[in-house]
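Now for the letters of each chain:
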Amino acid sequence: MLKLHVSGASSVVGIVVAAISLVACSGGTSAGRSASSASPVVISEVADLAGAAPGAIVTGPDGNLWIGILNGRIIERLTLDGTLTTLRAGLSSATNGGVTAGPDGNLWFAEVDTNRVGRITPAGAVTEFPTGGSSPFGPTGITAGPDGNLWFTDFGGDRIGRITPQGVVTEFGGGITAHATPFYITNGPDGNLWFTENAGNRIGRITPQGVVTEFVNGISPRAFPDDITSGPDGNIWFTEIAGNRIGRITPRGAVTEFSAGISANAFPLGITAGRDGNLWFTESDGNRIGRITPLGVVTEYADGISANAQLNSITVGPDGNIWFTEKGTDKIGRLTY
């Protein structure tokens with residue numbers, strides 16, 4: 001999913017507006033810490049998008065990586081051998097919302113500034129669907145749901161949307177606190193969808209029937225939950241961009257926050273579950289990749305990452321390695337382990 005980079009701000013409005021105004025190491029050494037795993041971690045920057053400001057990155061059904069772009073009406077396709085293909089036709093705005101692989105063999109993406117959800121085939125054919133939202137800021141996160149549909153967050157409308165593979169949109173607003181700004185969304189281990197409320201400082205759960213429950217207990221004030229993913233332990237994990245923590249919530253709603261081992265002002269942003277049974281996350285301001293075990297033990301890695309990279313989105317690639325985007329340097333990085 002796309003990560004909208006947010007610089008530091010002193011208020012809810014400042015952080016929310018800043019967010020929308022965007023969305024080689026060896027031997028296991030880390031930024032001031034030793035890796036807890038015997039396997040070496042190697043970070044390399046493998047592709048340069050030359051000013052394109054990459055945001056979202058996701059593995060497609062075709063075995064390639066697909067990248068949303070923050071400052072241009074394009075989508076990039078990246079093969080594992082480093083070949084980039086730029087796709088422009090049919091895009092009416094920058095692909096500055098989340099990107100996900102759909103149940104229909106296509107890629108789906110959120111267009112936050114045009115209130116549309118887009119679909120792109122592996123061959124590059126684009127179709128855009130209006131969501132009906134009236135806010136200046138619309139869909140940000142998107143994921144494939146357990147019901148064969150796509151689910152997205154409507155940032156400005158305080159709603160969760162559902163879109164069928166044929167493009168029929170339904171939005172649900174009941175149970176969502178006003179001005180909560182739903183941000184990112186993931187398919188949960190319990191058959192429901194889970195989402196972050198950036199300004200609402202909550203985690204939300206929505207059933208495939210549209211019933212919403214919000215959870216706030218255990219989340220520090222002004223934490224600003226951002227990205228969210230299902231973990232290998234049957235729980236849901238999320239980043240706290242202002243709280244400088246990683247959060248875990250059980251399907252029953254019990255929250256635990258982890259801060260030990262995360263450098264000060266790291267600004268955790270994107271998060272994904274790795275093939276090693278751990279969670280991996282980006283530190284936008286810390287300029288590191290972090291790993292957190294299901295027990296909350298954190299290791300950070302910095303070697304191989306360019307200065308001021310502004311790490312953004314992160315995903316597991318078709319090769320099983322960790323891939324991430326660098327908004328500040330327009331590069332794609334790969335972490336092998």
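Residues numbered from 1 in each chain as written. Predicted model: local features only at pLDDT ≥ 70, side-chain atom pairs only at ≥ 80, totals over all residues. Heavy atoms only, no water.

Caption draft 1: Here's a closer look at the overall build of the chain. Counting its regular elements, the chain contains one helix and 28 strands. A buried classification covers 61% of the 337 residues belonging to the chain. Of the accessible surface of the chain, which amounts to about 11400 Å², a share of 49% is contributed by carbon and sulfur atoms. (Helix = DSSP H or I, 4+ residues; strand = E, 2+ residues; numbered from the N terminus. Buried < 20%, exposed > 50% of the residue type's maximum accessible area, 1.4 Å probe, protein only. Areas by Shrake-Rupley, 256 points an atom, 1.4 Å probe, with all protein chains shown as cover.)

Caption draft 2: Expanded view of the pairing of strand β25 (residues 298-301). The alternating pattern of β25 places V298 and E300 on one face and T299 and Y301 on the opposite face, and all of these are buried. Bridge analysis of strand β24 (residues 288-292) against β25 gives four bridges, and the strand direction is antiparallel. Looking across to β25, one finds that I289 is bridged to Y301. Between β24 and β25, which follow one another and run antiparallel, lie five residues, and G296 among them has a positive phi close to 95 degrees. (Pairing = 2+ DSSP bridges.)

Caption draft 3: Up close: the sheet that holds strand β15 (residues 193-197). A sheet is described by the order of its strands in space; here four strands give the open sequence β14-β15-β16-β17, paired in antiparallel fashion. With partners counted over all chains shown, the strands left at the sheet margins are β14 (182-187) and β17 (212-215), one partner each. On average, adjacent strands in this sheet sit at an angle of 25 degrees to one another, irrespective of strand direction. Here four bridges tie β14 to β15, and the two strands are oriented antiparallel to one another. Residue pairing across strands places N187 opposite L193, the latter belonging to β15. (Axes fitted to C-alpha atoms, helices over the stretch in contact; angles between N-to-C directions.)

Caption draft 4: Structural view of the pattern of salt bridges. Inspection of every chain in the model, using the stated rule, returns four salt bridges. The partner of K331 in a salt bridge is E45, with the nearest N and O atoms 3.6 Å apart. Of this pair, K331 sits in strand β28 (residues 331-336) while E45 sits in strand β1 (residues 42-48), and the two are 286 residues apart along the sequence. Assessed through its relative accessible area of 21%, K331 is described here as partly exposed. The salt bridge involving E214 is made with R202; its shortest N-O contact spans 4.0 Å. Highlighted residues: E214 in strand β17 and R202 in strand β16 (residues 202-206), separated in sequence by 12 residues. Assessed through its relative accessible area of 23%, E214 is described here as partly exposed. Of the residues examined, R202 reaches a relative accessible area of 22% and is grouped as partly exposed. (Salt bridge = Lys/Arg side-chain N within 4 Å of Asp/Glu carboxyl O.)

Caption draft 5: Fine view of the sheet that holds strand β2 (residues 54-59). With antiparallel pairing, four strands are arranged side by side in an open sheet as β2-β3-β4-β5. The open sheet has two free edges, formed respectively by β2 and β5 (84-87), since each of these has just one partner strand. When strand polarity is set aside, the average angle formed by the axes of neighbouring strands in this sheet is 25 degrees. Looking at chain direction, strand β4 (residues 75-78) and β5 are connected through four bridges and run antiparallel. Among the inter-strand pairings, L78 is bridged to a residue of β5, identified as L84.

Caption draft 6: Molecular detail of the pairing of strand β21 (residues 255-258). Of the pairings in the sheet, the one linking strand β20 (residues 245-249) to β21 comprises four bridges and is antiparallel in character. Residue pairing across strands places I246 opposite F258, the latter belonging to β21.

Caption draft 7: Just the packing of aromatic side chains, in detail. Evaluation of the coordinates by the stated rule reveals nine aromatic pairs. Ring centres of W108 and F129 lie 5.8 Å apart, and the angle between their planes is 15 degrees; on these two criteria the pair is classed as stacked. With W108 in strand β7 (residues 107-111) and F129 in strand β9 (residues 126-130), this residue pair connects regions lying 21 residues apart in the sequence. The class of F129 is buried, set by a relative accessible area of 11%. Ring-pair connections join several aromatic residues into one group, and the members of that group are F137, F155, F183 and Y184. Stacked on the ring of Y337, the Lys or Arg R275 has its end atom at 4.2 Å from the ring centre. (Phe/Tyr/Trp six-rings, centres within 6.5 Å; stacked < 30°, edge-to-face > 60°. Lys NZ or Arg CZ within 6 Å of the ring centre and 35° of its normal.)

Caption draft 8: Structural detail: the environment of P318. Along the polypeptide, P318 turns up in the loop between β26 (311-316) and β27 (322-326). You can call P318 partly exposed: its relative accessible area is 34%. Residues P318 and L65 lie 253 residues apart in sequence; the distance between their C-alpha atoms is 7.7 Å. Ignoring sequence-local partners within four residues, the contact set of P318 consists of T59, G63, L65 and L80. (Contact = heavy atoms within 4.5 Å.)

Caption draft 9: Molecular detail of unusual backbone geometry. The residue A53 is not glycine, and still its phi comes out positive at about 50 degrees. Looking at the element boundaries, A53 is found in the loop between β1 and β2. Even without a glycine there, the phi angle at T181 is positive, about 50 degrees. Within the secondary structure, T181 sits in the loop between β13 (169-172) and β14. Relative accessible area serves as the criterion here: at 10%, T181 is assigned to the buried category.

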